[in-house]
Amino acid sequence: MHPRARPHPLAVRQERLRRLLEERSLAALLVSNPVNIFYLTGFRGTAGVAVFSSSQGILWVDPRYTLQAQEQARGVKVIEEKGGLLKAAGSWLARRKLGRVGYEDSHLTCAGLREIERHATRALRLEPAGRLVEDLRYVKDAAEIECIREAGRITAAVFEEVVRRIRPGMKEADLAAEIEYRLRRQGAEGAAFETIAASGERSALPHARASSKLLREGELVILDLGAILAGYAADMTRTVFLGEPSRRVRRLYASVLEAQQEALAAVQAGARAGDVDAVARRVLARRGLGRFFTHSTGHGVGLEVHESPRLGKGEAKRLEAGCVLTVEPGIYLEGLGGIRIEDTVLVRAEGPEILTPAPKDAWFNS
Ligand code: ZN
Ligand code: ZN
């Protein structure tokens, strides 16, 4: 290897984990969350158990995944295990008399923990480790940002294709299907979450499923879509109006857009997550719409569609350069419908970069 070659991103992640373990005086971490296993090793199977100690990395998989793990995983020894992955990891740890070993208490079930303890000896002290790997995932590296940027580009491109085809008489479910088909055609692995296409009064439900309802002239339509690419998600919402909107609808839309743009401007490295939320909330309150804004302003995006930070009231977590999150204020008025505008953005030292660059002009059909 060239002496100045950059280390592989997976090697960097494993090194960062080991430093974190040292800080917390843990001899090893047992990783059971498949998303975290993928993040650390590159193995994308849905079943596996990994252990990282200061000097070793082991990945236990069942025979379905042996080949895949050998192909994908880096920095770990892959062990095929037919008799229970947690049991194997437990006895491996116990034999090594490592001392304090952390486990992912937000993921490992009580039954799973008992399974390990049953096969471990007294030399093994298992301790809840919180969300160590999630903490590492908070700031994205260059490879991750590239994936989310491409997922965002595809998401925006599909919206632009589909919005030109929206007509009264279309079924919500067909619109959602059209979006998901086009996400794949544009190179995504699929939809990162169930696509929302909600029209008229149904758009007043922030998480409406696409139904068999037909779109009608004079209705608001909320489209919430996101591509997934190499495991990374993008998340974007646009609201469109079918036909000629009233002055009231135009005013409401302008208020949500203003809230979103001001909140986007507040997305800065060093800002508190709650500060961004407060900005969006203040704009809508000023327009007398505060009580219709019924959810938080946004959430982190990455390997999961909803991850840290939560952009909610009073959230003290500081944004850092390399965080990726959504900004998505919305208002929901019974009898009229909902208006939500959402982008996925990258926090950078010099200000936010919008990763879902689709137009926000709501009157495409007028
Ligand atoms: Zn969304
Ligand atoms: Zn979202």
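Residues numbered from 1 in each chain as written. Chains lettered and ligands numbered in written order. Predicted model: local features only at pLDDT ≥ 70, side-chain atom pairs only at ≥ 80, totals over all residues. Heavy atoms only, no water.

## Overview of the sheet that holds strand 10 (residues 227-229)
And then number 1: The three strands are arranged 7-10-11 in an open sheet whose pairing can be described as antiparallel. The strands lining the two open edges of the sheet, one partner per strand, are strand 7 (190-191) and strand 11 (232-233).
And then number 2: Direction of pairing for strand 10 relative to strand 11: antiparallel, over a ladder of two bridges. When the sheet's bridge partners are listed, Ile228 is paired in strand 11 with Ala233.
And then number 3: Sheet strands in contact with helix 7 (residues 142-163) are strand 10 and strand 11, and its direction is about 145 degrees off that of strand 10. (Pairing = 2+ DSSP bridges. Helix = DSSP H or I, 4+ residues; strand = E, 2+ residues; numbered from the N terminus. Contact = heavy atoms within 4.5 Å. Axes fitted to C-alpha atoms, helices over the stretch in contact; angles between N-to-C directions.)

## Structural notes on the sheet that holds strand 8 (residues 196-199)
And then number 1: Taken in spatial order, the three strands line up as 8-9-12 in an open sheet, and their pairing is antiparallel. Strands with a single pairing partner mark the edges of an open sheet, and in this sheet they are strand 8 and strand 12 (236-241). Averaged over neighbouring strand pairs, the angle between their axes works out to 15 degrees when direction is ignored.
And then number 2: Sheet topology places strand 9 (residues 220-225) next to strand 12; six bridges connect them, and they run antiparallel. Each bridged residue has a counterpart across the sheet, and for Leu225 the counterpart in strand 12 is Met236.
And then number 3: Against the sheet, helix 7 engages strand 9 and strand 12, with an angle of about 15 degrees to strand 12.

## Observations regarding the coordination of the zinc ion (ligand 2)
And then number 1: Protein coordination of the zinc ion (ligand 2) is provided by Asp235 (OD), His299 (NE2), Glu328 (OE) and Glu342 (OE), with donor distances spanning 2.1 to 2.2 Å.
And then number 2: Coordination at the zinc ion (ligand 2) is irregular, judged from the four donor atoms that bind it and the angles of 78 to 152 degrees they form at the metal.
And then number 3: Counting residues between consecutive donors of the zinc ion (ligand 2) along the chain gives the motif D-x63-H-x28-E-x13-E.
And then number 4: The distance between the zinc ion (ligand 2) and the zinc ion (ligand 1) comes to 3.2 Å, with Asp235 serving as a donor to both metals. Remark: Glu342 occurs in the loop between strand 17 (337-340) and strand 18 (343-346) and His299 occurs in strand 13 (residues 298-300); sequence separation between them is 43 residues.
And then number 5: Overall, the relative accessible area of 0% leaves Glu342 in the buried class. (Donors = N, O, S within 2.8 Å, 3.2 Å for Na, K, Ca; no water. Tetrahedral: all angles 85-135°; square planar, octahedral: opposite > 155°, others 65-115°. Buried < 20%, exposed > 50% of the residue type's maximum accessible area, 1.4 Å probe, protein only.)

## Some details on the coordination of the zinc ion (ligand 1)
And then number 1: Distances from the zinc ion (ligand 1) to its protein donors, Asp224 (OD), Asp224 (OD), Asp235 (OD) and Glu342 (OE), fall at 2.0 to 2.5 Å.
And then number 2: Between the four donor atoms coordinating the zinc ion (ligand 1), the angles at the centre fall across 55 to 147 degrees, so the site counts as irregular.
And then number 3: Considered as a linear motif, the donors of the zinc ion (ligand 1) on their single chain read D-x10-D-x106-E.

## Comments concerning helix 1 (residues 9-23)
And then number 1: With 15 residues, helix 1 extends 21 Å between its outermost C-alpha atoms, agreeing within 8% with the 21 Å of an ideal straight helix rising 1.5 Å per residue.
And then number 2: What helix 1 keeps buried is the set Leu10, Arg13, Gln14, Leu17, Arg18, Leu20 and Leu21. Taken around the axis of helix 1, the buried residues stretch over an arc of 160 degrees, which confines them to a single face. For helix 1, the exposed residues lying more than 90 degrees away from the buried face are Glu22 and Glu23.
And then number 3: Within two residues after helix 1, Ser25 carries a phi angle of roughly 55 degrees, on the positive side. (Expected span 1.5 Å × (residues − 1). Arc of directions from axis to C-beta.)

## Digging into the nonpolar core
And then number 1: Membership of the largest hydrophobic core comes to 37 residues, with the highest contact counts inside it found for Leu17, Leu29, Phe43 and Leu59.
And then number 2: Sorting the residues of this core by element identifies helix 1, strand 1 (28-31), helix 2 (34-41), strand 2 (49-53), strand 3 (57-61), helix 6 (132-137), helix 7 and strand 11 as the ones contributing at least two each.
And then number 3: Top contributing element to this core by residue count: helix 2, with four residues. (Core = buried A, V, L, I, M, F, W, Y, C linked by side-chain atoms within 4.5 Å.)

## A few points about the pairing of strand 18
And then number 1: Neither face of strand 18 is left uncovered, since the one carrying Asp343 and Val345 and the one carrying Thr344 and Leu346 both have all their residues buried.
And then number 2: As paired strands, strand 15 (residues 324-327) and strand 18 are joined by four bridges and run antiparallel to one another. Its bridge partner being in strand 18, Val327 is matched across the sheet by Asp343.
And then number 3: Here strand 18 pairs with strand 19 (residues 353-354) via two bridges, running antiparallel. Looking across to strand 19, one finds that Val345 is bridged to Ile354.
And then number 4: Here strand 18 hands over to strand 19 after six residues, with Gly351 in that stretch at a positive phi of 120 degrees.

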